[in-house]
Amino acid sequence: MNPVRAERRIPPALAAGDLVYRTPPAVRFVRAEGVRLYDEAGRSYLDAEAANGAVAFGYDRDVLAAAHRTALELPALPSFCESELRVRVLTRLESLFSSVTGTAGRVAVELGGTQGIEMAMRIVAASRGAGPVLTFQGSYHGRSPFTAHLSASARYRSVQPWPGPQVVRLPYPDCRSCPHRPAVGCNPACASAVERLGHEDQLGVPGPSAPDGVAALILEPLLNVGGAVLPDSAHLRRVVDHVRGLGGLIVVDEIFTGMHRLGPRWGFMLHDIQPDVVVASKALTNGVTPLSCVWAREPLASPERFAVGSHSSTFAGNPHALATVEAVLDRWEAWPNVPARVEAQGRFLAGELRRWCGASRLVEQVDAVGLVVRVRLTGPFALDLRRLAAEPPDGEGLLLASTGMAPDTVILHPPLVTTRPDLRRMAELLGRALLALEDER
């Protein structure tokens, strides 16, 4: 162990339930600059994780300074008061959705992604009642007492205090991970199976004429925690069309994928589907402060459908959060041709990773969607690879993403502004960590 590392112990005043102490690095970070983090000893770490994709513009003090200038004289209003700043920011946010969908809608804000999903499902319930919700195996929509039931992993529900909503899980939209292992792919095998739902009573999904029909399908354009899986677009469209035929609404979880992480502004644009409700969060504030927003097409969030008082958040009018969103939106507007730039960065990083890692016996595949690059391993080695990348015996560390639902996958989703030299360096550091892992095995 490098002598600057602290022993990985949970301080006595801290609860043990979060993820901070699950995996390395066993250091405490004290500052950041650009796309690098620094620990107490001054050692640097290239950040290919970017606060789970939230820090699109890197650790840029100008974003925070601009937000402070706006918020400096503004009061923290109670949740029953309105401000000019809130109206201005929410109007801008609504246009980000309606300009793409071609449909007018309304926007509300909440604290974080989980709270945004909960609000979205309240909007669904106000229009569709408490019917079953369809999700995909491998999905992730939060860990709260409600959203844990929408997420795929049973571990998230093991400590939840209630049984939750009725959820029907559709086959994993990835042939390699699907328990059915269809030889012919998602189309037409899994799509045909989904299309039986609502027409064969033994499958447990009510038909379109049932009093309490299907409430919604909630989906991610790319399954992040499920292993950076991009669903087959034609399959996804068939599922969406079938759920609409059963009367259900389409809720798209863009918490991770939104704001150009996959190239386009919203991930659903890759699949050519039209959502009824969209939840966005992470990149709206560049990771500076928690905030999520929920867009719902008219009239789903109108006063007639979603009455005043249907939701409430102490921080719905927080001036610092709203000013941060405004500063970040200004930054997006000033950045030309974002989708093409992001896609080019992803292709470059994937190419460099293939050059450094392609010959490794531990690597099965490297692919990219926007600036989300997936390295699929030949076994469940992701946590060991993360450890070795973050804590090499000397030199710079590399922060990678991996998930419990995909132990054979490491994911790189660095800030979108990462330069080509730094992307090349990330690939080099991962290649060196792979060599160290081969030596261990």
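Scope of this entry: the structure provided in the associated data block. Per chain, residues are indexed from 1 in the order of the written sequence. Per-residue local features are limited, in this predicted model, to residues with pLDDT of at least 70; the limit for side-chain atom pairs, both in listing and counting, is 80 or more; totals at the level of whole chains, interfaces and linings are taken over all residues. To get the side-chain values, all heavy atoms of the structure are used, and hydrogens and water are removed first.

**A look at the sheet that holds strand 11 (residues 363–369)**
When DSSP locates at least two bridges between a pair of strands, those strands are taken to pair. Secondary structure elements follow DSSP: runs of H or I no shorter than four residues count as helices, runs of E no shorter than two count as strands, and numbering proceeds from the N terminus. Read from one edge of the open sheet, 4 strands run 11-12-15-14, paired in antiparallel fashion. Looking at which strands have only one partner, the edges of the open sheet turn out to be strand 11 and strand 14 (401–403). Pairwise comparison of adjacent strand axes, ignoring direction, gives a mean angle of 25° for this sheet. Where strand 14 meets strand 15 (residues 406–412), 3 bridges bridge the pair, whose relative direction is antiparallel. Bridge pairing in strand 15 places Ser 402 opposite Val 410. Here an axis means a line fitted to C-alpha atoms, over the contact stretch when the element is a helix, while the angle between two N-to-C directions is reported on a 0 to 180 degree scale.

**As for the sheet that holds strand 10 (residues 292–297)**
Pairing in this open sheet of 7 strands is mixed, and the strands run 4-10-9-8-7-5-6 from one edge to the other. Edge positions in the sheet fall to strand 4 (105–110) and strand 6 (167–170), since each of these pairs with one other strand and no more. Averaged over all pairs of adjacent strands, the angle between their axes in this sheet comes to 20°, without regard to strand direction. Note on contacts: a residue pair is in contact if any heavy atoms of the two residues lie within 4.5 Å. The sheet strands contacting helix 3 (residues 84–101) are strand 4, strand 9 (277–280) and strand 10, and the helix crosses strand 4 at an angle near 130°.

**What about the packing of aromatic side chains?**
In this description, an aromatic ring pair is defined by two values, namely the gap between the centres and the angle between the planes. Pairing of aromatic side chains requires ring centres within 6.5 Å, counting the rings of Phe and Tyr and the six-membered ring of Trp. Pairs whose planes differ by under 30 degrees are stacked, by over 60 edge-to-face, and all others tilted. Tallied over the full model, the rule gives 7 aromatic pairs. Plain terms: the ring middles of Phe 97 and Trp 266 are 4.5 Å apart, the flat faces sit at 10° to each other, and that makes the pair stacked. Residue Phe 97 is located in helix 3, and its partner Trp 266 is located in the loop between strand 8 (249–254) and strand 9; the two are separated by 169 residues in the primary sequence. With respect to class, Phe 97 is no different from Trp 266; both count as buried. For the exposure calls, accessible area comes from a 1.4 Å probe over protein chains only, and a residue counts as buried if that area is under 20% of its type's maximum, exposed if over 50%, partly exposed in between.

**Here we look at the nonpolar core**
Side-chain atoms within 4.5 Å link the members of a nonpolar core, which is a set of buried Ala, Val, Leu, Ile, Met, Phe, Trp, Tyr and Cys residues. Judged by nonpolar contacts, the single largest core of 86 residues is most densely connected at Leu 93, Leu 217, Trp 332, Leu 353 and Leu 412. In contact with Leu 353, other than residues within four places in its own chain, are Gly 358, Val 366, Val 373, Val 375, Leu 412, Ala 427 and Leu 430. One finds Ile 123, Leu 150, Val 251 and Val 277 within the second-largest nonpolar core, a separate group that totals 22 residues.

**Re the packing of helix 2 (residues 61–71) against helix 7 (residues 319–333)**
Where helix 2 meets helix 7, the closest approach of the two axes is 8 Å, and the angle between their N-to-C directions is 130°. On the basis of the axis angle, helix 2 is oblique to helix 7. Crossing of helix 2 over helix 7 shows right-handed handedness. For the pair helix 2 and helix 7, the contacting residues are Asp 62, Val 63, Leu 64, Ala 66, Ala 67, His 68, Thr 70 and Ala 71 in the first and Pro 319, His 320, Ala 323, Thr 324, Glu 326, Ala 327, Val 328 and Arg 331 in the second. Just so you know the grouping, Ala, Val, Leu, Ile, Met, Phe, Trp, Tyr, Cys and Pro go in nonpolar, Asp, Glu, Lys and Arg go in charged, and all remaining residues, Gly too, go in polar. Grouping the amino acids of the contact of helix 2 with helix 7 by side-chain chemistry returns 9 nonpolar, 4 polar and 3 charged. Under this scheme an angle from 65 to 115 degrees is roughly perpendicular, one under 35 degrees roughly parallel, and one over 145 degrees roughly antiparallel; angles in between are oblique. Each helix crossing is assigned a hand: it is left-handed if the near helix lies turned anticlockwise from the far helix by less than a right angle, otherwise right-handed if that turn is clockwise.

**Section: the pattern of salt bridges**
Here, a salt bridge means any Lys or Arg side-chain nitrogen found within 4 Å of an Asp or Glu carboxyl oxygen. According to the stated counting rule, one finds 21 salt bridges in the structure shown. Close ionic contact of Glu 33 with Arg 61 constitutes a salt bridge, the shortest N to O distance being 2.8 Å. Residue Glu 33 is located in strand 1 (residues 29–33), and its partner Arg 61 is located in helix 2; the two are separated by 28 residues in the primary sequence. Here Arg 61 falls in the exposed class, since its relative accessible area comes to 51%. Among the salt bridges present, the one from Arg 36 reaches Glu 396, with a minimum N-O distance of 2.7 Å. Of this pair, Arg 36 sits in strand 2 (residues 36–39) while Glu 396 is found in the loop between helix 9 (382–390) and strand 13 (397–399), placing the two residues 360 residues apart along the sequence. Through salt bridges that share partners, Arg 36, Glu 396, Asp 422, Arg 425, Glu 428 and Arg 432 make up one connected network.

**Here's the deal with helix 2**
Those residues of helix 2 that sit buried are Val 63, Ala 67 and Ala 71. Viewed end-on, helix 2 has its buried residues packed into an arc of 60°, placing them on one side of the element. The exposed set on the far side of helix 2, more than 90 degrees from its buried face, consists of Arg 61, Asp 62 and Arg 69. Where the residues of helix 2 are buried, they touch helix 7. Within 3.5 Å is the distance limit for a polar contact, defined as a pair of N or O atoms, with the added protein rule that one can donate a hydrogen and the other accept it, and that residues adjacent in sequence qualify only through two side-chain atoms. N-capping of helix 2 is provided by Asp 60, with a side-chain oxygen placed 2.9 Å from the backbone N of Asp 62. Within this analysis, the arc is defined by the directions that extend from the helix axis to the C-beta atoms.

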